Amino acid sequence: MKRRLAAILVADVVGYSSLMEADEEGTAARLAVCRAVIDAQVTECDGRIFKAMGDAVLAEFASPINAVRCAVGIRSGLALTEPGSEDSFHMRFGLHLADVLVEGDDLIGDGVNLAARIQQNGEPDAIDISAVLFEQIRRTSPYAFDDLGERSFHNIGEPIRVYRLRGEIERHVYQLAPTRAEPSTTKRPYSLAVLPIEAPSDNEDQRFLADGITEELIFELGRFKKLFVTSRSATRALAAGETDPQTIGDRLGVRHVLSGTIRQLGSRIRFSLTLSETDTGSVVWNDRLSQSFDELVERLDDVTSRIASTVLGRIEENDIATSRRLRPESMTAYEFHLRGLEYHRLGGITNENLRQAVSWFERAIDADPNFSRPRAMWVCARSGLPDFDGDDGERRVQRALELDPNDPEANRIMGSIKMKQGEFEASRRYHEKAMELSPSEAYIKGRSAAFFNFAGEPDRALKLLDDAEQLDPFLSVWCVEERAAALYTLDRFQEAIESARGLTFQTRRSRIYRAASRVALGDIDRARHIIAEAVASAPDLTAGFVRENETYRDPEVTRTLIERLTAAGLPQIVPELAA
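To keep things clear, this report deals only with the structure shown in the data block.

### Here's the deal with the overall build of the protein chain
Counting its regular elements, the protein chain contains 26 helices and 13 strands. Sequence-distant contacts, at least 24 apart, represent 68% of the contacts inside the protein chain between residues at least 6 apart. By element, 46% of the accessible surface of the protein chain is carried by carbon and sulfur atoms, the whole surface being about 24,500 Å².

Given below as structure tokens:
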């Protein structure tokens, strides 16, 4: 028999038999509407329904993340069919990734059975997934999950770890969610893409080191104001498995490509770099190093200066001086920091990731108290966990800035803290400095755009977003969603709607500004549907949440935003708290 790997989704209506007993014809009619929602979502997510039994539907997907998106879409779609109704259909969802047997148009086997068991043990409206599927999406998921631990299921021989979808992740620097299908192919002068440094795939320590060196190179090169450096996410998205400089240059719109390898042999590191121009693919410059870790760290300033000199022709001594920053004093601290970043990249997909990131950053600080970056990143990671102490976070970032006042991330994070406190002028200084210190960092520009929009300068916010997307055509949704907010603030409501709808997936904020723009245009019915969809995906979305997070300097902007959202049906408090 034929077999194939598939992400299996099993969905079932909760209490269907009781509903049929109470109102047979009405329930049958509502089931038809439910099936229309399911069919549309499965098709939209490139899936296929391979079995339907009354109120239960089984579907397969080639993409695990599409399977999860489909479940979320079905749940939200059902909320839209009967917005506000207490008698709306509720479904349970079970998802699993498995090698299944193909029997005609049907799929059978242990993997299908397990997906069904996961669904049967879920709660109403729950989207539960197996650990096998979770591992496939944990780096790219726009959703957060709770770890339910190992569960035992009837006729399944061993316990299976299960995760439950909690909601959408608000935003995260490392979340890869392309905002364009392809970037512009126009090559900019003095432009460079830094490919991920290659390391042995079977050595975790060396892969961490290679990842860290890649970031160091992008960071240092980004300080040179004349040099256009594409972001880390852009090169990872387009260059995964791609090594041909001409192809990469055409797709990223750069004139030069920097590639390299790293190998650690005992206490020494062998590190090679190659700079190629992308018109012909010829090598412009290369260098090979064989040094201890400390020596390599000391030489990174020189290496980056030489690369930039090759691209630019020359670099003023002042630019070389400003490219230097404090570095860790020991390999142990640096490795701890890299491990923290690895968990931080996974973000709030589970709270455990953020706890692990915080733990590793703490170890980096203990190993090297003068290493500033993990202090700032500790705050960035910890802020995503419950009971985050903002005052403590501010003190920690202040200490990071005392150790290295020229760390752009520490400046950006402090700017965000000051904005939350309503200190907009102080926040402006930190955001401006962060962008000055790292002019080619797309994420810093993108997040600074949020500050300028809240500060009452939406035109500048749009300009920064344009600049950020030029630097990184794969800038995360968490940055690009700010365009809809800025357009809304400028009363360009139709453009705000189109910008938000153009995102690769919808967030709480994109739906907030779509709904408010619809109300401003007089389309209350559509706004109500958007809010119903938003609350179905994020039950804690309330007027209070908007007031706390949409922190405009002008309180009238926030007041009008909340008025419009309330008119669209946004609750004042979480419904279950009002019961």
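### Focus on the pairing of strand E11 (residues 256-265)
Relative to E11, strand E9 (residues 191-194) is paired through three bridges, and the arrangement is parallel. When the bridges of E11 are listed, Val 194 appears paired with Leu 258. Bridge analysis of E11 against strand E12 (residues 268-277) gives 10 bridges, and the strand direction is antiparallel. Bridge assignment links Leu 258 to a residue of E12, and that residue is Leu 275. Between E11 and E12, which follow one another and run antiparallel, lie two residues, and Gly 266 among them has a positive phi close to 65°.

### Things to note about the side chain of Arg 511
Considering the arrangement of structural elements, one finds Arg 511 in helix H22 (residues 508-520). When its relative accessible area of 6% is taken as the criterion, Arg 511 is described as buried. Filtering out sequence-adjacent residues up to four positions away, Arg 511 remains in contact with Glu 168, Gln 506, Ile 530, Glu 533, Ala 534 and Ser 537.

### Some words on the environment of Phe 371
Looking at the element boundaries, Phe 371 is found in the loop between helix H12 (351-367) and helix H13 (373-382). A residue is classified by how much of its surface remains accessible, and Phe 371, at 5% relative accessible area, is buried. In sequence terms Phe 371 and Ala 400 are 29 residues apart; their C-alpha atoms lie 8.0 Å from each other.

### Looking at unusual backbone geometry
Backbone geometry at Asp 125 places phi at a positive 75°, although glycine is not the residue there. Tracing the backbone through its elements, the reader meets Asp 125 in the loop between helix H4 (110-120) and strand E6 (127-130). Despite not being glycine, Asp 387 shows a phi value in the positive range, around 65°. Tracing the backbone shows Asp 387 in the loop between H13 and helix H14 (390-403). Owing to a relative accessible area of 73%, Asp 387 belongs among the exposed residues under this scheme.

### Overview of the sheet that holds strand E13 (residues 283-292)
Overall, mixed pairing links the five strands, which are arranged E10-E9-E11-E12-E13 in an open sheet. In this open sheet, the two edge strands, each paired with only one partner strand, are strand E10 (228-229) and E13. Pairing of E9 with E10 involves two bridges; the strand directions are parallel. Each bridged residue has a counterpart across the sheet, and for Leu 192 the counterpart in E10 is Val 229. Helix H6 (residues 204-222) contacts E9, E10, E11 and E12 of the sheet and is inclined by roughly 145° relative to E11.

### Describing helix H20 (residues 482-489)
Here H20 lies mainly inside the structure; seven of its eight residues are buried. What H20 keeps buried is the set Glu 482, Arg 483, Ala 484, Ala 485, Ala 486, Leu 487 and Tyr 488. Of the surrounding secondary structure, the elements contacted by the buried residues of H20 are helix H17 (442-454), helix H18 (458-471), helix H19 (477-480), helix H21 (493-501), H22 and helix H25 (555-567). Taken from the residues just after H20, Asp 491 is the one with a positive phi, measuring 65°.

### Some details on the environment of Asp 250
Looking at where Asp 250 falls in the secondary structure, it is placed in helix H8 (residues 245-252). A residue is classified by how much of its surface remains accessible, and Asp 250, at 39% relative accessible area, is partly exposed. Sequence spacing of Asp 250 and Thr 186 is 64 residues, and the spatial spacing of their C-alpha atoms is 7.7 Å.

### Brief notes about empty space enclosed by the protein
As enumerated under the stated definition, the model contains two cavities of 30 Å³ or more in all. Of the volumes computed, that of the largest cavity is approximately 40 Å³. The wall of the largest cavity is formed by Ile 218, Phe 219, Gly 222, Val 229, Thr 230, Ser 231, Ser 438, Ser 440, Glu 441 and Ala 442. Looking at the lining of the largest cavity residue by residue, the class counts come to four nonpolar, five polar and one charged.

### Side note on the packing of aromatic side chains
Two measures describe an aromatic ring pair: the distance that separates the ring centres and the angle between the ring planes. Under the criterion given, the structure shown has nine aromatic pairs. Among the aromatic side chains, those forming a connected cluster through ring pairs are Phe 134, Phe 145 and Tyr 163. Note that Arg 396 overlies the ring of Trp 378, its terminal NZ or CZ placed 3.6 Å from the centroid. The ring centre of Phe 452 lies 4.0 Å from the NZ or CZ of Arg 460, which sits over that ring.

Rules of the game
Residues numbered from 1 in each chain as written. Predicted model: local features only at pLDDT ≥ 70, side-chain atom pairs only at ≥ 80, totals over all residues. Heavy atoms only, no water. Helix = DSSP H or I, 4+ residues; strand = E, 2+ residues; numbered from the N terminus. Contact = heavy atoms within 4.5 Å. Areas by Shrake-Rupley, 256 points an atom, 1.4 Å probe, with all protein chains shown as cover. Pairing = 2+ DSSP bridges. Buried < 20%, exposed > 50% of the residue type's maximum accessible area, 1.4 Å probe, protein only. Axes fitted to C-alpha atoms, helices over the stretch in contact; angles between N-to-C directions. 1 Å grid on protein atoms, 1.4 Å probe; cavity = no way out; pocket = protein on both sides within 12 Å on 5 of 7 lines; lining within 4 Å. Points joined across faces, edges and corners; volume = space filled by probe spheres on them. Nonpolar A, V, L, I, M, F, W, Y, C, P; charged D, E, K, R; others polar. Phe/Tyr/Trp six-rings, centres within 6.5 Å; stacked < 30°, edge-to-face > 60°. Lys NZ or Arg CZ within 6 Å of the ring centre and 35° of its normal.

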